[in-house]
Structure formats: C-alpha cells, structure tokens
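Fold and geometry: a report
Here are the chains, one letter per residue:
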Amino acid sequence: MPSSSPRSVEEIFKDYSARRSGIVRALTNDVDEFYALCDPEKENLCLYGHPDESWEVNLPAEEVPPELPEPALGINFARDGMSRQDWLSLIAVHSDSWLLSVSFYFGARLNRNERKRLFSLTNDLPTVFEVVTGRKPARDKPSADSGSKSRNNAKRSTDGPMRTNSTLLDENYVEDEDEHSETLCGSCGGNYSANEFWIGCDICERWYHGKCVKITPSKAEYIQQYKCPSCSKKGRQ
C-alpha cells in the first residue's frame, strides 16, 4: 500500500466521499459528456472517481495486480442496447460497489470497530444509485417475513427465455420448455436451452443468448426495455 494512501477512518472516508462526488457528477451534471465518451466502438472502458472529486473514463490499469481495485470493465458496450436511464442506473450500482471496495481496500488494516465506523460513515450517504435514480434511502423496517418476500420477488431466468417487460414480473407467467424448443438466437442461430440465459428484444421480438449480445442476468435486472443491436442501429439511422 503506497505511503500516501489514506490510513485513518477519517482519511479513508474523505477519499470515499471525494471519489463518490466525482462519479455522481459524471452521471448527473456532466452526463452528456460522460455519455459521449462511452462510445461502444472503443475498447473496454471504466469510470473512475478520483480523490480530487474529478472523474475519468479510461481504459483499465495494465499493471497486474492493479494498485487499487478496478471499477466495472466495459461500461461502454451496453450503452446503446439499453435506455439511457437504465444504463446510467446500472453504472451507478457498479460504481457503488467499486467505491466500497476501494474504501475497504484502504481499510484492510483497520481493526473491527474502525471498519464498523467506516461503513457507518459511508452508509449515511445516499448511494450513487439513489442519487442517479432519484430514490430516497429506505428507512430500516425490520420484518419477520422480509427475507421470504425478497426471495419471492426475485426474477427467474430458468422458466423460459427472459423478457424485460411486464411479463417478466408476473410470477404466474410460466411456460413449458417445449414451447420454446424452436426458438433460435437472433445472433448465432442456436437453439433455445433452459440452462442458458436468454433475453428478448422488445422492438423486433427476437430472442438472443445473453452472451451473444453481452447482456448478463444482473444487467437485465435494470433494463426496462431492451433493444437488440440490430434495432439499436436502426434507431440511429
């Protein structure tokens, strides 16, 4: 760990706050500039927040292992396959994860109580996701059945190809695999398999392997309307 790295709880929290401010600005006030920099035709790009409250879109560090944990890789590739707000929300979630990872990388040598205090300080700030989406932090409301509710509301991708519209949210929406046996991927032409993640285009209604269009189940959670690469290109013409 470099000698200039923050060491105390207060120093680490100051670093966290500054990096967070830079990222928040990139995804809000400077969003048009940020959007333009994330060209899908470029190499894998990352969003960095710096200790001086600035932000940067750049290639990942070449050194292995990197000096600090790296942010999400390839944020530019999903830009044109999602609505702008969904894409920004997804980057916000990954940025929250990255900020915490950097914070606790610096805090690895803190004792238990210091780490607890560090998390308490960071947790008192709204997440980047909450800022970008305009959501207010939820109040703690313990409930005996809260765990079962969250499990019941989880989206499942093994009951057939995954759609991003309202049918995905309907827990009563169940289809037999036989019904999808003739479904072909619009990208590679492969047959449907219940063991693979699929996503359907809400414009042309073609189905795609998630891996073929670079959409993972976690990304799909934040997509309200999915446009396949073909429909996205048509929209830009």
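Use the structure listed above.
So, here is what we can say about the structure in this document. Residue positions within a chain follow its written sequence, with the count starting from 1. Where local features are concerned, this predicted model is filtered to residues with pLDDT of at least 70; where side-chain atom pairs are given and counted, the filter is 80 or more; whole-chain, interface and lining totals use all residues. Water and hydrogen atoms were dropped before computing side-chain values, which therefore reflect all heavy atoms in the structure.

Moving on to the overall build of the protein. A helix here means a DSSP run of H or I that spans at least four residues, while a strand means a run of E at least two residues long, and both kinds are numbered starting from the N terminus. From N to C terminus, the protein includes nine helices and four strands. Listing the helices and strands of the protein from first to last along the sequence gives α-α-β-β-α-α-α-α-α-β-β-α-α. Put simply, the protein has 237 residues, and 38% of those count as buried. Residues count as neighbours in contact if any of their non-hydrogen atoms are within 4.5 Å of one another. Considering only intrachain contacts with a sequence separation of at least 6, the fraction spanning at least 24 residues in the protein is 61%. Surface exposure here means Shrake-Rupley accessible area, sampled with a 1.4 Å probe, where a residue is shielded only by the protein chains that are shown. With the model as given, the accessible surface of the protein reaches about 14,300 Å², and the carbon-plus-sulfur share is 47%. Exposure categories follow from relative accessible area, calculated using a 1.4 Å probe and restricted to protein chains: below 20% of the type maximum is buried, above 50% is exposed, and the middle band is partly exposed.

A cavity here means a set of 1 Å grid points, computed over protein atoms only, where a 1.4 Å probe fits but cannot escape. A pocket is an open set with protein on both sides within 12 Å along at least 5 of 7 lines, and lining residues have an atom within 4 Å of a point. Grid points are joined across faces, edges and corners, and a volume is the space filled by probe spheres set on the points. As enumerated under the stated definition, the model contains one cavity of 30 Å³ or more in all. Empty space within the largest cavity amounts to approximately 50 Å³. Lining the largest cavity are Ile 23, Leu 47, Pro 71, Ala 72, Ile 75, Ile 91, His 94, Ser 95 and Trp 98. Sort the elements by how many residues they give to the lining of the largest cavity and helix 3 (residues 84–106) lands first, with four residues.

Moving on, we come to the state of the cysteines. Note on terminology: pairs of cysteine sulfur atoms within 2.5 Å are recorded as disulfides. Applying the stated criterion to the full structure yields zero disulfides. Just so you know, Cys 38 is unpaired, no disulfide at all, and the nearest cysteine sulfur is the one on Cys 46, 9.9 Å from it. Its sulfur unpaired, Cys 188 is 3.8 Å from the next cysteine sulfur, which belongs to Cys 185. By relative accessible area, Cys 188 is classed as partly exposed at 48%.

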